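Descriptive analysis of the structure
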Amino acid sequence: MRARSTARADGLDASRALQRVLYRSAKQQPDRRFHALYDKVARSDILWWAWDEVRANRGAPGVDGVTIDAVEASGVAAFLEQLAAALRAGTYRPKPLRRVLIPKPGQPGRTRPLSIPCVRDRVAMTAAKLVLEPVFEADFLPASYGFRPRRSAHQACDAIRIEANRGADWVLDADVRDCFGSIRHDALLALVARRVSDRAMLRLLRAWLRVGVLEDGVTTETGAGTPQGSPISPLLCNVALHVLDAEWARTSSRLGVLVRFADDYVVLCRSRAAAEEALRRVTAILGPLGLQLHPDKTRIVRLTRGVQGFDFLGFHHHKVESWRWRGRYYLQRWPSDRAMRQVRAKVREATSRRDVGRAVEWVVADLNHVLRGWGAYFRRGNSGRKFAQLDSYVQERLAIFASIKHGRHGRNWQRHYTRAWADRLGIYRLSRRTRPRTAHALR
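What you are looking at is a predicted structure, and each value in this text was computed from that prediction instead of being measured.

Moving on, we get to helix α16 (residues 384–405). In this model, α16 (22 residues) spans 32 Å end to end at C-alpha, consistent with the 32 Å of a helix rising 1.5 Å per residue. Following α16 by one or two positions, Gly407 has its phi on the positive side, about 70°.

We now examine the sheet that holds strand β9 (residues 309–312). If you walk across this open sheet you meet the 3 strands as β9-β10-β11, and the pairing is antiparallel. Lying at the two open borders of the sheet, with one neighbouring strand each, are β9 and β11 (329–335). Each neighbouring strand pair of the sheet contributes to a mean axis angle of 30°, computed without reference to strand direction. Across the face of the sheet, helix α8 (residues 153–165) comes into contact with β9, β10 (315–321) and β11 while running at roughly 155° to β11.

β11 sits mainly inside the fold: 5 of its 7 residues count as buried. Where β10 meets β11, 7 bridges bridge the pair, whose relative direction is antiparallel. For Glu321, the partnering residue across the bridge sits in β11 and is Tyr329.

Turning our attention to the nonpolar core. In terms of nonpolar packing, the biggest core is built from 82 residues, with Trp51, Val123, Leu132, Trp208, Tyr265 and Leu286 touching the most fellow members. A total of 11 residues in this core trace back to one element, the largest contributor, which is helix α7 (residues 119–137). Contact partners of Trp51, with chain neighbours within four places excluded, come to Ile68, Val71, Glu72, Val76, Phe79, Leu80, Val119 and Val123.

Turning to the environment of Gly309, a few remarks are in order. Turning to its location among the elements, Gly309 is positioned in strand β9. Contacts of Gly309, omitting those with residues within four sequence positions, involve Arg299, Val301, Leu303, His316, His317 and His318.

Before going further, it helps to examine the environment of Ile400. Tracing the backbone through its elements, the reader meets Ile400 in helix α16. For Ile400, a relative accessible area of 21% translates into the label partly exposed.

What follows concerns the packing of aromatic side chains. Enumeration over the complete set of coordinates arrives at 8 aromatic pairs. Ring geometry for Phe315 and Tyr377: centres 5.3 Å apart, planes at 35°, overall tilted. In this pair, Phe315 sits in strand β10 while Tyr377 sits in helix α15 (residues 360–378), placing the two residues 62 residues apart along the sequence. With relative accessibility at 0%, the residue Phe315 sits in the buried group. The exposure class of Tyr377 is partly exposed, given its relative accessible area of 25%. The structure contains a cluster of three or more aromatic residues connected by ring pairs, namely Phe315, Trp374, Tyr377, Phe378 and Phe387.

Taken as a whole and judged by the stated rule, the model has 24 salt bridges. For Glu72, the salt bridge identified is with Arg55, shortest N-O distance 3.6 Å. Of this pair, Glu72 sits in helix α5 (residues 68–74) while Arg55 sits in helix α4 (residues 44–57); the two residues are 17 residues apart in sequence, bridging distant segments of the chain. Relative accessible area serves as the criterion here: at 31%, Arg55 is assigned to the partly exposed category. One salt bridge connects Glu163 with Arg166, and the closest N-O pair in it is separated by 3.9 Å.

We now examine the environment of Arg348. Following the sequence through the fold, Arg348 ends up in helix α14 (residues 337–350). Remark: the alpha-carbon pair of Arg348 and Ala359, spanning 11 residues in sequence, is separated by 16 Å. With residues up to four places along the chain from it excluded, the contact list for Arg348 reads Tyr393 and Arg397.

This next bit is on the sheet that holds strand β3 (residues 170–175). Read from one edge of the open sheet, 4 strands run β6-β7-β3-β8, paired in antiparallel fashion. Both edges of this open sheet fall to β6 (257–261) and β8 (299–302), since each of them pairs with a single strand only. Here the average twist between neighbouring strands, direction ignored, is 20°. Two strands pair when backbone bridges link them, and β6 and strand β7 (residues 264–269) are joined in this way by 5 bridges, in the antiparallel orientation. Each bridged residue has a counterpart across the sheet, and for Arg260 the counterpart in β7 is Tyr265. Contacting β6 and β7, α8 runs over the sheet at an angle of about 160° to β6.

This part is about unusual backbone geometry. Notably, Arg58 is not glycine yet its phi reads approximately 50°, a positive angle. As for its position among the elements, Arg58 is in the loop between α4 and α5. For Arg58, a relative accessible area of 45% puts it in the partly exposed group. At Arg150, a residue that is not glycine, the phi angle is positive and equals roughly 60°. Counting through the fold element by element, Arg150 comes out in the loop between α7 and α8.

The subject of this paragraph is the side chain of Arg429. Secondary-structure assignment places Arg429 in the segment after α17 (419–425). A distance of 3.3 Å separates a polar atom in the side chain of Arg429 from a polar atom in the side chain of Gln395. The contact partners of Arg429, leaving out residues within four places of it in the chain, are Asp391, Gln395, Arg419, Ala422 and Asp423.

Because the α-helix completes a turn every 3.6 residues, residues three or four places apart line up on one side. Counted at 1.5 Å a residue, the expected span for α7 with its 19 residues is 27 Å, and the 26 Å between its end C-alpha atoms agrees. The sharpest bend along α7 measures roughly 30° and falls at Val131, with the proline Pro134 sitting one to four residues further on. Counting buried positions along α7 yields 18 of 19 residues, so the element is predominantly enclosed.

Taken together, the side chains of Arg372, Arg379, Arg419, Arg432, Arg433 and Arg435 present a region of like positive charge at the surface. Within the secondary structure, Arg379 sits in the loop between α15 and α16. By relative accessible area, which is 31% here, Arg379 ends up partly exposed.

Thresholds, definitions, all that
- Residue positions within a chain follow its written sequence, with the count starting from 1.
- In keeping with the model being predicted, local features are shown solely for residues with a pLDDT of at least 70 and side-chain atom pairs are shown and tallied solely at 80 or more, while totals for entire chains, interfaces and linings include all residues.
- Note that water and hydrogens are dropped before the side-chain values are worked out from all heavy atoms of the structure.
- Numbering of helices and strands runs from the N terminus, with a helix taken as a DSSP run of H or I at least four residues long and a strand as a DSSP run of E at least two residues long.
- To estimate the expected span of a helix, count its residues, drop one, and scale the result by 1.5 Å.
- Note on pairing: two strands pair once DSSP finds at least 2 bridges between them.
- For helices, the fitted axis covers only the stretch in contact; all axes are lines through C-alpha atoms, and the angles between them, taken along N-to-C directions, range from 0 to 180 degrees.
- Any two residues whose heavy atoms approach within 4.5 Å are treated as being in contact.
- Buried, partly exposed and exposed residues are distinguished by accessible area as a fraction of the type maximum, computed with a 1.4 Å probe on protein chains only: under 20%, between the cut-offs, and over 50%, respectively.
- The definition of a nonpolar core used throughout is a set of buried Ala, Val, Leu, Ile, Met, Phe, Trp, Tyr and Cys residues joined through side-chain atoms within 4.5 Å.
- Here a pair means two rings of Phe, Tyr or Trp (six-membered ring of Trp) with centres within 6.5 Å. Their orientation is stacked below 30 degrees between planes, edge-to-face above 60, and tilted elsewhere.
- By convention in these notes, a salt bridge is any Lys or Arg side-chain nitrogen within 4 Å of a carboxyl oxygen on Asp or Glu.
- Within 3.5 Å is the distance limit for a polar contact, defined as a pair of N or O atoms, with the added protein rule that one can donate a hydrogen and the other accept it, and that residues adjacent in sequence qualify only through two side-chain atoms.
- One axis is fitted to the seven residues ending at the residue and one to the seven starting there. The bend at that residue is the angle between these axes.
- Surface patches are defined over residues having more than 30% relative accessible area and no salt bridge, joining like charges when they lie within 9 Å and nonpolar side chains (Val, Leu, Ile, Met, Phe, Trp, Tyr) when within 5 Å.
- Here the accessible surface of atoms and residues is derived via Shrake-Rupley with a 1.4 Å probe, and residues count as covered only by protein chains that are part of the display.
- For the purpose of charge, His is not counted, nor are the chain termini; Lys and Arg are scored as positive and Asp and Glu as negative.
- Lys charges are placed at NZ, Arg charges at CZ, Asp charges at CG and Glu charges at CD.

Dropping the structure here:
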C-alpha cells in the first residue's frame, strides 16, 4: 500500500493518507516491525499538523521561555523548517523539562508534578505521535478507551453499565500508583521495539524519556516514567498498559470484563473469588513494568442491590432499584462527591467577595463558562438530582455576591435576588439538561 494512491482513492490529504496506510499495514501484518518511520516525523505536512495541535492546546512555555505567541510572531514556517532540518541532520536534542507542581483537584495541600517540554519539543513529540499512533492503534484492544481516536470516557462508562446490568456484581476498583512516573524505560522501549525497528525513532523516544527535569536550577535525570505533560506520554502509557489488556484477554477473561481508561481501570466479575483472583493476576502482570497498585485506593466493591458503589472517571457508579420493576436493580451514574467539590470550589472562586468590584454580568459569564463545560461531561448519566443541587448552590452564591456588592445584609435570594433575577442575567441552568442512559445501551 502507498500513501499517494490511498490519498487519491479515499480523498485524503497526504498526512491522513500516511496514517491510514500505516494502520492498514499494521493491522494486516500483526508481526510486522516498521523500519522507516523517523523520516516521516520531519515531513512538512506532519510538522504543520503537529504545530496546529500544539497551538490549539495553548500550553505554557518550557525552560527556554519561548511561548506560542513568540513563535507566531517570529514566523511559524521558519520555526518548523529549522526543526525539520535538525531532525533530518540528526542534530536535534530535546531540552530539559520544566517542573511545575499543580494542586490536585479536591485534595487541598496536595500537588502532582507536571513536566512541561518547550514548544519546539512539543511539536516534535506531537509529530512522532501522529506517525506512531496508527501503528499501535492496530494492536490496541476494545478494553482500552483512554487517549485513543474515536473513544471516550462515556463509552467506558457505558461498557461498565452494560456488564453490571448483565449480572457482574463484584468490581475490582484498582488504582495504579504513579503510573506516568514509574514505568521502566527499558521495559517500555522493548514494547515499542516489538513494532518499531527504526533505530533513529527509538533513539528519539529514548532521548525524550531520559532528558531530565529542571527544578530550582538543577537538572535531574529521570530513571523511570514518561513526562506527564508531554504530548507523547499518553500513547506511551497505552503501549505499556496494552500488556495488561492483551494478557488479560489471553489468560484471564473468564474472571471478568476489564475496562481501562489510560491508567485507571476496573474489572467487573460475578463473584468475590473471581475479583480477588483478578487482583492477584493484575498485580503480577504490572510488576515487570515497574508498576504497582495503590494499596489504599484499590478495593473490591459489591454492587448487589446497591450495597456499595465506586467512583470512576468522575462519576459515581451505583446500582439503584427500578421504579417500574420492584426488586430489579440497574447501574446508574452521577457526578462523584469529589467532582461536586471541585465544581463548587470553582463557583466559590468565581463569586469571591474580593471580586465585588466586578459587574455581576461578568461574573455570570465566568460561571457560565464553568457550568457549560462541567455539565457537558456529566449530563450523560443520571445526574438530574446533582444538577439541581448545583443550580441551587449557584443561585445562593450569586445572591451572596450581589448582596455584598450592594451593601445588603443576608443572602436575599428569596426577596431581591431570586431565580427570576438570575434567569434575566442569563445564568446557565443545568437542570433538565441530562441525557439519561437506558439499562442496556445500543452497541
